[in-house]
Amino acid sequence: MSQAHTDAVRSYLLDLQDRIISAFEAEDGKPFVRDAWVRGAHERLQGDGCSRLVEDGHVLERGGCNFSHVKGPSLPPSATQHRPELAGCPFEAMGVSLVFHPRSPHVPTVHMNVRMLAAHRPDGTVVAWYGGGMDLTPYYGQEDDARHFHQVCKDALAPFGPELHPRYKKWCDEYFFLKHRNEARGVGGIFFDDVSELGEQGGFDLIRSVGDAFTQAYLPILQRRRDTPYTQAERDFQALRRGRYVEFNLVWDRGTLFGLQSGGRTESILMSMPPLVSWRYDWHPAPGTPEARLYTDFLPPRDWV
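> Please clarify how the pattern of salt bridges should be interpreted in this entry.
Applying the stated criterion across every chain, the model contains 27 salt bridges. Here Arg-225 and Asp-144 are joined by a salt bridge, their closest N and O atoms 2.9 Å apart. With a gap of 81 residues between them, Arg-225 in helix α5 (residues 199-225) and Asp-144 in helix α3 (residues 143-157) connect regions that are remote in the sequence. Owing to a relative accessible area of 12%, Arg-225 belongs among the buried residues under this scheme. Through salt bridges with shared partners, a single network forms among Glu-143, Arg-147, Arg-293, Asp-297 and Arg-302.

> Got a minute to help me understand unusual backbone geometry in this structure?
In this model, Asp-56 sits at a positive phi of 60°, which is unusual for a non-glycine residue. Mapped onto the elements, Asp-56 comes out in the loop between β2 (46-55) and β3 (60-72). Classification of Asp-56 as exposed rests on a relative accessible area of 55%. Although it is not a glycine, Asp-282 adopts a positive phi angle of roughly 50°. Its place among the elements puts Asp-282 in the loop between α8 (266-269) and α9 (290-298).

> Hey, could you run me through the packing of α3 against helix α4 (residues 164-175) in this one?
Axis angle and axis distance: for two packed helices, these are the angle between their axes and the distance between the axes, and together they describe the pair. Interaxial distance between α3 and α4 falls to 9 Å at its minimum, and their mutual angle equals 130°. With respect to each other, α3 and α4 are oriented oblique. Handedness of the α3/α4 crossing: right-handed. Each of His-150, Cys-153, Lys-154 and Leu-157 in α3 lies in contact with α4, whose residues at this interface are Leu-164, His-165, Tyr-168 and Lys-169. Split into classes, the residues belonging to the contact of α3 with α4 amount to four nonpolar, two polar and two charged.

> Explanation requested: the packing of aromatic side chains in the structure shown.
Aromatic rings considered in pairs are described by the distance between their centres and by the relative angle of their planes. In this structure the tally under the stated criterion is 19 aromatic pairs. By way of ring pairs, the aromatic residues Tyr-168, Trp-171, Tyr-175, Phe-176, Phe-191, Phe-192 and Phe-248 are connected into one cluster. When the ring centre of Tyr-245 is taken as reference, the NZ or CZ atom of Arg-185 above it lies at 4.0 Å. When the ring centre of Phe-204 is taken as reference, the NZ or CZ atom of Arg-208 above it lies at 4.4 Å.

> Please explain the sheet that holds strand β5 (residues 109-120) as it appears in this structure.
Whether parallel or antiparallel, the strands of a sheet pair through hydrogen bonds between backbone atoms. Spatial strand order, β1-β2-β3-β4-β5-β6-β9: seven strands in an open sheet with antiparallel pairing. One side of each edge strand has no neighbouring strand; the edge strands of this open sheet are β1 (33-39) and β9 (188-195). Neighbouring strand axes in the sheet, compared pairwise and without regard to direction, differ in orientation by 5° on average. Sheet analysis places strand β4 (residues 91-102) next to β5, joined by 10 bridges and oriented antiparallel. Paired with Ser-97 across the two strands is Asn-113, which belongs to β5. The sheet contacts of α4 involve β6 (126-137) and β9, and relative to β9 the element is tilted by about 100°.

Rules used throughout
- Residues numbered from 1 in each chain as written.
- Predicted model: local features only at pLDDT ≥ 70, side-chain atom pairs only at ≥ 80, totals over all residues.
- Heavy atoms only, no water.
- Salt bridge = Lys/Arg side-chain N within 4 Å of Asp/Glu carboxyl O.
- Helix = DSSP H or I, 4+ residues; strand = E, 2+ residues; numbered from the N terminus.
- Buried < 20%, exposed > 50% of the residue type's maximum accessible area, 1.4 Å probe, protein only.
- Axes fitted to C-alpha atoms, helices over the stretch in contact; angles between N-to-C directions.
- Parallel < 35°, antiparallel > 145°, perpendicular 65-115°, else oblique.
- Left-handed = near helix turned anticlockwise from the far one by under 90°.
- Contact = heavy atoms within 4.5 Å.
- Nonpolar A, V, L, I, M, F, W, Y, C, P; charged D, E, K, R; others polar.
- Phe/Tyr/Trp six-rings, centres within 6.5 Å; stacked < 30°, edge-to-face > 60°.
- Lys NZ or Arg CZ within 6 Å of the ring centre and 35° of its normal.
- Pairing = 2+ DSSP bridges.

This is a description of form; function is not addressed.
Have a look at this one:
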């Protein structure tokens with residue numbers, strides 16, 4: 001992997017972050033705070049990054065979009081569970097990751113991430129692989145929202161062959177699943193990790209297509225639902241479902257574990273957490289309610305497109 005390739009990926013990711021922030025600042029009306037950081041040679045991880053965050057916005061109760069580019073002396077276990085031969089290798093990782101938690105319970109939470117990870121072998125060769133995806137987590141399910149989101153995801157993968165979308169959709173359904181609850185986090189989307197078979201340029205093209213598709217996948221849904229009136233009971237259900245989000249990120253998410261295990265920046269890693277959350281003992285929605293319909297009609301995996 002050449003320095004020119006690394007530079008091209010970095011340049012793309014920084015531009016992607018700028019474009020996403022511009023679109024959602026315009027939609028929300030409140031500027032995102034910019035928090036740039038650098039880690040020096042004496043620290044466990046070296047590198048730099050920039051967190052962009054809005055809290056208590058007009059539309060987004062909490063939303064963040066991070067860029068980071070770090071290097072470390074040894075790949076953490078979460079990165080090598082599928083590649084044991086690379087355990088202990090020095091590594092380089094860069095990516096953009098975002099989570100938007102809207103204020104209205106009628107607007108879904110969304111997550112998107114695109115990234116490149118490279119391991120430097122003892123013989124001087126470099127192994128690079130790519131990952132990413134996006135997924136939608138509604139509180140009150142809407143068929144047309146789910147269909148739109150999945151269609152944009154499918155279109156983003158289409159240039160790379162018709163077999164990718166069913167595979168990456170299934171991967172997303174299986175990955176964003178709370179095993180301890182036996183339920184999905186949301187209605188899914190696409191997810192892929194450890195992708196190297198497309199080659200350096202193909203992997204870069206893949207994450208670029210997915211990153212570029214994000215705003216079109218989510219912004220129309222936010223615009224369609226942002227002004228729907230809601231009740232305190234609906235806000236309470238949103239807080240309960242947000243608890244599932246926290247459980248997934250802290251128990252199962254490889255990205256969170258990678259960041260914490262490798263000595264990443266805690267504020268940036270935990271930016272994905274929602275601002276207000278609740279847990280209730282053994283709570284179940286009443287049959288026939290919109291809350292119950294989320295569990296029966298939306299969380300079980302479906303072919304949306």
